[in-house]
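Examining the three-dimensional arrangement
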Amino acid sequence: ETGVTQTPRHLVMGMTNKKSLKCEQHLGHNAMYWYKQSAKKPLELMFVYNFKEQTENNSVPSRFSPECPNSSHLFLHLHTLQPEDSALYLCASSPPRGGATGELFFGEGSRLTVL
Amino acid sequence: GEDVEQSLFLSVREGDSSVINCTYTDSSSTYLYWYKQEPGAGLQLLTYIFSNMDMKQDQRLTVLLNKKDKHLSLRIADTQTGDSAIYFCAEVHNDYKLSFGAGTTVTVRA
């Protein structure tokens with residue numbers, strides 16, 4: 001139990017569907033992140049939020065739309081995805097500016113399959 | 001290169017030592033990290049080293065840092081079946097963001 005909870009753990013969707021991934025952290029952190037994990041590729045930073053404000057959008061296609069209503073919750077809205085978007089999507093949180101050591105606290109991930 | 005680089009696979013016999021190597025990119029990184037991802041789980045911080053250190057030992061784990069070559073390694077002594085996982089090397093940049101490698105899948109065989 002890392003204090004970062006992601007739902008759903010598994011999601012299968014068609015290319016025309018609209019779905020959302022949810023992340024919730026109970027650590028009192030103010031920064032939240034979305035990462036994409038694909039096999040044999042470096043972990044890819046997608047979005048960063050600090051105090052609910054988006055501070056990083058790493059050239060992510062608009063079919064991925066993040067939302068951060070408060071410092072504890074982060075969503076990733078998905079629509080008209082492509083099969084190559086199939087991956088494990090990881091949420092993470094940290095104190096502001098990474099805290100003392102820059103450590104990130106990860107959720108268990110949402111495994112997305114796009115058919 | 002622009003990516004943190006590490007080999008993708010390592011197979012080791014139970015009881016032997018495992019050594020995972022990583023090359024990072026940012027010479028100004030204040031911390032270098034090793035994260036562990038067990039099957040079906042997210043990443044968890046395993047250990048880290050401050051950039052002014054050459055070595056850090058923590059029980060069965062030894063981290064070596066060569067700043068000149070931007071090379072980081074993780075040695076696991078007496079490797080156990082529970083050490084089977086994916087190990088990620090990561091560096092932190094001045095903007096507090098972390099860059100990760102692709103992960104090294106360690107398989108421990110009996």
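Residues numbered from 1 in each chain as written. Chains lettered and ligands numbered in written order. Predicted model: local features only at pLDDT ≥ 70, side-chain atom pairs only at ≥ 80, totals over all residues. Heavy atoms only, no water.

Our next topic: the packing of aromatic side chains. Summed over the entire model, instances satisfying the criterion amount to 12 aromatic pairs over all chains. Arranged with centres 5.5 Å apart and planes meeting at 85 degrees, the rings of tyrosine 35 of chain A and phenylalanine 100 of chain B form a pair that is edge-to-face. With tyrosine 35 of chain A in strand β4 (residues 31-37) and phenylalanine 100 of chain B in strand β10 (residues 98-100), the pair connects residues from two separate chains. For the pair tyrosine 35 of chain A and phenylalanine 100 of chain B, one class covers both residues: buried. Three or more aromatic residues link up through ring pairs in this structure, and these residues are Tyr33, Tyr35 and Phe106 of chain A together with Tyr31, Tyr33, Tyr35, Tyr48, Phe50 and Phe100 of chain B. (Phe/Tyr/Trp six-rings, centres within 6.5 Å; stacked < 30°, edge-to-face > 60°. Helix = DSSP H or I, 4+ residues; strand = E, 2+ residues; numbered from the N terminus. Buried < 20%, exposed > 50% of the residue type's maximum accessible area, 1.4 Å probe, protein only.)

A few words now on the sheet that holds strand β7 (residues 64-70) of chain A. Strand pairing in a sheet relies on backbone hydrogen bonds. The paired strands run either parallel or antiparallel. All names here are of chain A. Read from one edge to the other, the open sheet built from 4 strands follows the order β1-β3-β8-β7, with strand pairing classed as antiparallel. Bordering the open sheet on either side are β1 (4-7) and β7, each of which pairs with just one other strand. Taking each pair of neighbouring strands and ignoring which way they run, the sheet shows an average axis angle of 15 degrees. Here strand β3 (residues 18-25) pairs with strand β8 (residues 73-79) via 7 bridges, running antiparallel. Residue pairing across strands places lysine 22 opposite phenylalanine 75, the latter belonging to β8. (Pairing = 2+ DSSP bridges. Axes fitted to C-alpha atoms, helices over the stretch in contact; angles between N-to-C directions.)

Computed from the structure, the largest pocket encloses a volume of approximately 430 Å³. Along its surface, the largest pocket is lined by 27 residues, and Gln37, Leu88 and Arg111 of chain A together with Gln37 and Ile86 of chain B are the ones closest to its centre. Within the residue set of the lining of the largest pocket, elements represented by two or more residues are β9 (87-94) of chain A together with β9 (85-92) and β11 (104-109) of chain B. Per-element tally for the lining of the largest pocket: the top contributor is β9 of chain B, with 3 residues. Grouping the constituent residues of the lining of the largest pocket by class yields 11 nonpolar, 10 polar and 6 charged. (1 Å grid on protein atoms, 1.4 Å probe; cavity = no way out; pocket = protein on both sides within 12 Å on 5 of 7 lines; lining within 4 Å. Points joined across faces, edges and corners; volume = space filled by probe spheres on them. Nonpolar A, V, L, I, M, F, W, Y, C, P; charged D, E, K, R; others polar.)

What follows is about unusual backbone geometry. Here threonine 7 of chain A and proline 8 of chain A are connected by a cis peptide whose omega angle stands at -10 degrees. Considering the arrangement of structural elements, one finds proline 8 of chain A in the loop between β1 and β2 (10-13). A positive phi is found at serine 59 of chain A, a non-glycine position, where the angle reads about 55 degrees. The residue glutamine 59 of chain B is not glycine, and still its phi comes out positive at about 55 degrees. Tracing the chain through its elements places glutamine 59 of chain B in the loop between β6 (55-58) and β7 (61-66).

Now for the confidence of the model for chain B. Of all residues in chain B, 98% have pLDDT values of 70 or greater, and the mean over the chain is 94. Within chain B, no element has a lower average pLDDT than β10 of chain B, which sits at 92, and none a higher one than strand β8 (residues 71-76) of chain B, at 98. (pLDDT = per-residue confidence, 0-100.)

Within the secondary structure layout, threonine 62 of chain B lies in strand β7. Judged by its relative accessible area of 10%, threonine 62 of chain B is buried.

This paragraph deals with the interface of chain B and chain A. Listed as interface residues are 21 residues of chain B and, on the opposing side, 22 residues of chain A. Interface area for chain B against chain A, summed over the two sides, is near 1800 Å², with a carbon-plus-sulfur share of 61%. Among the residues chain B hides against chain A, the three largest losses belong to Tyr96, Lys97 and Phe100 of chain B. Together they make up 28% of the total. Between glutamate 56 of chain A and lysine 97 of chain B there is a salt bridge, with its nearest N and O atoms 3.0 Å apart. One can count 6 residue pairs in polar contact (both at pLDDT 80 or more) joining chain B with chain A. Looking at the side of chain B that touches chain A, the elements with two or more residues in it are β4 (31-37), β5 (43-50) and β10 of chain B. (Contact = heavy atoms within 4.5 Å. Buried area = accessible area lost by both parts, 1.4 Å probe. Salt bridge = Lys/Arg side-chain N within 4 Å of Asp/Glu carboxyl O. Polar contact = N/O pair within 3.5 Å; in protein donor to acceptor, adjacent residues only side chain to side chain.)

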